Amino acid sequence: MSTKVAFIGFGGVGQSLAELFLKQKENLNKSHLLNPVVVAVSDVMKGSIYHPEGLDVETLLATIKQTGNVEDYPNQPGLIRGWDSLETIKHSNADVIVEVTFTDVRTGQPAIDHCRAAFENNKSVVTTNKGPVALAYNQLAALAEENGVFWGFEGTVMSGTPALRMPVTTLAGNEITEIKGILNGTTNYILTEMEKGETYQASLEKAQSLGYAEADPTSDVEGLDARYKTAILSNYLMGTPLVAEDIYCKGISDFTLDMVKEASKNNQKWRLLARLTKENGTVKASVKPELVDNDDPLAGVIGPTNAIVYQCDLAGPIMLTGAGAGLVETAYSLLIDIIHYHRQYALTKI
Ligand code: HSE
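Conventions and cut-offs
- Residues numbered from 1 in each chain as written.
- Predicted model: local features only at pLDDT ≥ 70, side-chain atom pairs only at ≥ 80, totals over all residues.
- Heavy atoms only, no water.
- Core = buried A, V, L, I, M, F, W, Y, C linked by side-chain atoms within 4.5 Å.
- Buried < 20%, exposed > 50% of the residue type's maximum accessible area, 1.4 Å probe, protein only.
- Helix = DSSP H or I, 4+ residues; strand = E, 2+ residues; numbered from the N terminus.
- Domains from an automatic or database assignment.
- Contact = heavy atoms within 4.5 Å.
- Buried area = accessible area lost by both parts, 1.4 Å probe.
- Salt bridge = Lys/Arg side-chain N within 4 Å of Asp/Glu carboxyl O.
- Phe/Tyr/Trp six-rings, centres within 6.5 Å; stacked < 30°, edge-to-face > 60°.
- Axes fitted to C-alpha atoms, helices over the stretch in contact; angles between N-to-C directions.
- Parallel < 35°, antiparallel > 145°, perpendicular 65-115°, else oblique.
- Left-handed = near helix turned anticlockwise from the far one by under 90°.
- Nonpolar A, V, L, I, M, F, W, Y, C, P; charged D, E, K, R; others polar.
- Near = heavy atom within 4 Å.
- Polar contact = N/O pair within 3.5 Å; in protein donor to acceptor, adjacent residues only side chain to side chain.
- Pairing = 2+ DSSP bridges.

Counting 68 residues, the largest nonpolar core has Phe 119, Trp 151, Ile 179, Leu 233, Ile 308 and Tyr 310 as the members making the most contacts within it. Of the residues forming this core, the biggest block, six residues, is contributed by helix H12 (residues 224–237). The residue makeup of this core includes at least three contributed by each of domain 1 (2–160 + 328–349) and domain 2 (165–323). Discounting chain neighbours no more than four positions away, the residues touching Trp 151 are Cys 115, Phe 119, Val 125, Thr 127, Pro 132, Val 133, Tyr 137, Leu 140, Ala 141 and Ala 144. With 32 residues, the next largest nonpolar core counts Val 5, Val 57, Leu 79 and Ala 331 among its residues.

This is the structure in structure tokens:
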């Protein structure tokens, strides 16, 4: 049995997932009885193609590399070119929409409309776009449930490190009373470079050249990226809808080497920490630079690595650390979601 997949957006993350389908083909089939078939790609810049029986992924990736336009895919009977994202979502025979468009995180668009259209057309969605989960979690989750479809968004927080699914599945039965974490790789990289004596500006430029920063790094250094991730954690893990504006936010753009040196003299380090605390049925949340003692495990989290600590009523504090960004890591988060879709929705029907 195959799982038909349509890519809405086909940038670096989407292409990495297509490569994973190729590389992991045998393993996915053997270990999970999963056989992903790419039926469509629709990208505002790179064109659009659809074939109900599936596209050849190797040819698709080669076409993108050679011409940058998927519509240069070789002709074959039944191939349709030129459908926009909504036509692809509504009219293709995909089971799962991989939503990886370039979305404005402040409005959540076009990803919110894509998720809504998919659910209304009985299609499941996996996405790495933060906007829909940070801004429209309750409405979209309800719509997915009403239509009996799956919505996966593991990669919106800490990419392929399972910051969302692990607490819900493995830590089930605990109440999580507090969450704190380093949720932005760029700022953690800058702070730890500054600990080695680099200036703020030089460290930021390095983070940009290494591809950690968002297209506009303001979102990273002012804490906005971490703030959206904090809203997602509250919506999904603490059952309390928060939007970004509910979360106090201060970044690290005014940091100086002197501040970092002063902390070091006191055996401390600065970390940009997201913090969510449950108090009398409400959640208080903030993103701000905080001093942590050198022997705190969060002080040992260096470079672009992310970390999160869940304070559980039964299990105590549980810390999870790993990559928070990266093409393969983010593509992997989509693969985890597709495997879970398959377990819940497809395998149970066999
Ligand atoms: N710019 C982000 C970061 C990428 O530095 O963590 C992942 O959201």
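This is not the end of the story, as more comes after the structure.
All right, on to the domain arrangement of the protein chain then. Its domain assignment divides the protein chain into domain 1 (2–160 + 328–349) and domain 2 (165–323). Computed over C-alpha atoms, the centres of domain 1 and domain 2 are 29 Å apart. At the interface, 19 residues of domain 1 touch 21 residues of domain 2. Between domain 1 and domain 2, a total of about 1,600 Å² is buried, with carbon and sulfur atoms accounting for 66% of that surface. Summed over the shared surface of domain 1 and domain 2, the number is three salt bridges.

All chains considered together, the criterion is met by 14 aromatic pairs. For the ring pair Tyr 137 and Phe 153, a centre distance of 6.0 Å and an interplane angle of 85° mean the geometry is edge-to-face. Of this pair, Tyr 137 sits in helix H7 (residues 137–146) while Phe 153 sits in the loop between strand E7 (151–152) and helix H8 (165–169); the two residues are 16 residues apart in sequence, bridging distant segments of the chain. Since its relative accessible area comes to 5%, Phe 153 is described here as buried.

Time to look at the side chain of Ser 286. Residue position: Ser 286 is located in strand E11 (residues 282–293). What Ser 286 contacts, discounting residues up to four positions off in sequence, is Ile 247, Tyr 248, Leu 273, Ala 274 and Arg 275.

Attention now moves to the packing of helix H5 (residues 111–120) against H7. Interhelical geometry of H5 versus H7 gives an angle of 20° and a closest axis separation of 9 Å. Considered as vectors, H5 and H7 are oriented roughly parallel to each other. Handedness of the crossing formed by H5 with H7: left-handed. Counted together, Ile 112, Cys 115, Arg 116, Phe 119 and Glu 120 of H5 and Leu 140, Leu 143 and Ala 144 of H7 form the full contact between these two elements. Looking at the contact of H5 with H7 residue by residue, the classes come out as six nonpolar, no polar and two charged.

To continue, consider the site of the ligand. Lys 130, Asn 184, Gly 185, Thr 186, Tyr 212, Ala 213, Glu 214, Asp 220, Asp 225, Lys 229, Gly 324 and Ala 325 make up every residue found near the ligand. Lys 229 places a side-chain nitrogen or oxygen 2.9 Å from an oxygen atom of the ligand. The set of elements that each furnish at least two residues to the shell around the ligand consists of helix H9 (185–195) and H12. Looking at the shell around the ligand, its residues break down into three nonpolar, four polar and five charged.

Strand order in the open sheet formed by six strands is E9-E11-E10-E8-E12-E13, with mixed pairing between adjacent strands. Here the strands that pair on one side only, and so sit at the sheet edges, are strand E9 (248–249) and strand E13 (316–322). Of the strand pairs in this sheet, strand E10 (residues 268–279) and E11 are connected by 12 bridges, and their pairing is antiparallel. Looking across to E11, one finds that Leu 276 is bridged to Ala 285. Seen against the sheet, H12 touches strand E8 (176–182), E9, E10, E11 and strand E12 (306–312) and runs at an angle of roughly 135° to E11.

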